[in-house]
Amino acid sequence: QVQLVESGGGLVQAGGSLRLSCAASGRTFSRNAWGWFRQAPGKEREFVGAISWNGGRQLYGDFVKGRFTISRDNAKNMVYLEMNSLKPEDTAVYYCAADGTPYGLGLTAIYYDYWGQGTQVTVST
């Protein structure tokens with residue numbers, strides 16, 4: 001059974017930083033893209049960013065504007081989301097996702113087959 005588990009969420013003041021982690025178990029994703037999405041109350045799930053299988057390419061949502069960085073550790077079967085200069089509008093539940101097909105890199109949720117349960121990020125003013 002494949003499981004993705006996020007960690008690292010919490011409450012932070014505006015301008016602060018958080019690092020989210022996502023660990024996979026049940027299968028290896030060393031040849032697969034990872035994605036991060038978020039969903040705020042009353043809003044649709046939003047693409048945050050994605051990283052290719054070897055980390056050589058990253059894509060980010062327009063709102064990121066250089067504040068977030070995705071990285072991965074294939075040896076640990078993990079992906080990370082480093083978030084800096086956080087704003088109150090970044091408040092949301094953040095989800096990691098893994099593409100079941102190797103060598104892809106998707107911008108939308110439809111590309112991702114496995115999802116974590118989400119971790120809450122709250123940014124206060």
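Now for a look at the structure at hand. (Residues numbered from 1 in each chain as written. Predicted model: local features only at pLDDT ≥ 70, side-chain atom pairs only at ≥ 80, totals over all residues. Heavy atoms only, no water.)

Take the sheet that holds strand β7 (residues 68-73) next. Strand order in the open sheet formed by four strands is β1-β3-β8-β7, with antiparallel pairing between adjacent strands. The sheet is open, and its two edges are formed by β1 (3-7) and β7, each paired on a single side. The mean inter-strand angle of the sheet, taken between neighbouring strand axes irrespective of direction, is 15°. Pairing of β7 with strand β8 (residues 78-83) involves six bridges; the strand directions are antiparallel. Of the residues in β8, the one forming a bridge with F68 is M83. (Pairing = 2+ DSSP bridges. Helix = DSSP H or I, 4+ residues; strand = E, 2+ residues; numbered from the N terminus. Axes fitted to C-alpha atoms, helices over the stretch in contact; angles between N-to-C directions.)

Another aspect to go through is the pattern of salt bridges. The tally for this structure, following the rule as stated, stands at four salt bridges. Across the pair R19 and E82 runs a salt bridge whose closest N-O atoms are separated by 3.8 Å. With R19 in strand β3 (residues 18-25) and E82 in strand β8, this pair connects stretches of sequence that are 63 residues apart. Look at R19 and you get partly exposed, because its relative accessible area is 44%. (Salt bridge = Lys/Arg side-chain N within 4 Å of Asp/Glu carboxyl O. Buried < 20%, exposed > 50% of the residue type's maximum accessible area, 1.4 Å probe, protein only.)

All right, on to the environment of G8 then. Of note, G8 is situated in the loop between β1 and β2 (10-13). By relative accessible area, which is 36% here, G8 ends up partly exposed.

Moving on: the nonpolar core. Ranked by size, the top nonpolar core spans 26 residues in total, and within it W34, W36, F68, L81, M83 and Y94 carry the most contacts. Listed by contribution, the elements that provide at least two residues to this core are β3, β4 (32-39), β5 (46-51), β7, β8, β9 (92-102) and β11 (119-124). By size, the runner-up hydrophobic cluster in this structure holds six residues, among which are F37, A50, L59 and Y112. (Core = buried A, V, L, I, M, F, W, Y, C linked by side-chain atoms within 4.5 Å.)

Let us look at the packing of aromatic side chains. Tallying each qualifying case throughout the model produces eight aromatic pairs. Plain terms: the ring middles of W53 and Y103 are 5.3 Å apart, the flat faces sit at 85° to each other, and that makes the pair edge-to-face. In this pair, W53 is assigned in the loop between β5 and β6 (58-60) and Y103 in the loop between β9 and β10 (114-115), connecting sequence segments 50 residues apart. W53 sits in the partly exposed class, given a relative accessible area of 27%. Connected via pairs of aromatic rings, a cluster forms that spans F37, F47, Y112 and W115. (Phe/Tyr/Trp six-rings, centres within 6.5 Å; stacked < 30°, edge-to-face > 60°.)

With that out of the way, let us pick up the side chain of R67. Within the secondary structure, R67 sits in the loop between β6 and β7. In terms of polar contacts, R67 uses its side chain to reach the backbone carbonyl oxygen of S85, at 3.0 Å. Not counting residues within four places of it along the chain, the set of residues in contact with R67 comprises E82, M83, N84, S85, L86, K87 and D90. (Polar contact = N/O pair within 3.5 Å; in protein donor to acceptor, adjacent residues only side chain to side chain. Contact = heavy atoms within 4.5 Å.)

Time to look at the pairing of β8. Among the six residues that make up β8, five are buried, leaving the element largely enclosed by the rest of the structure. Examined bridge by bridge, β3 and β8 share six bridges and lie antiparallel to one another. What sits directly across from L20, in β8, is L81. Counted between consecutive antiparallel strands, the loop separating β7 from β8 contains four residues, among which N77 sits at a positive phi close to 60°.

Everything listed here is a matter of coordinates, which is why it stays silent on function.
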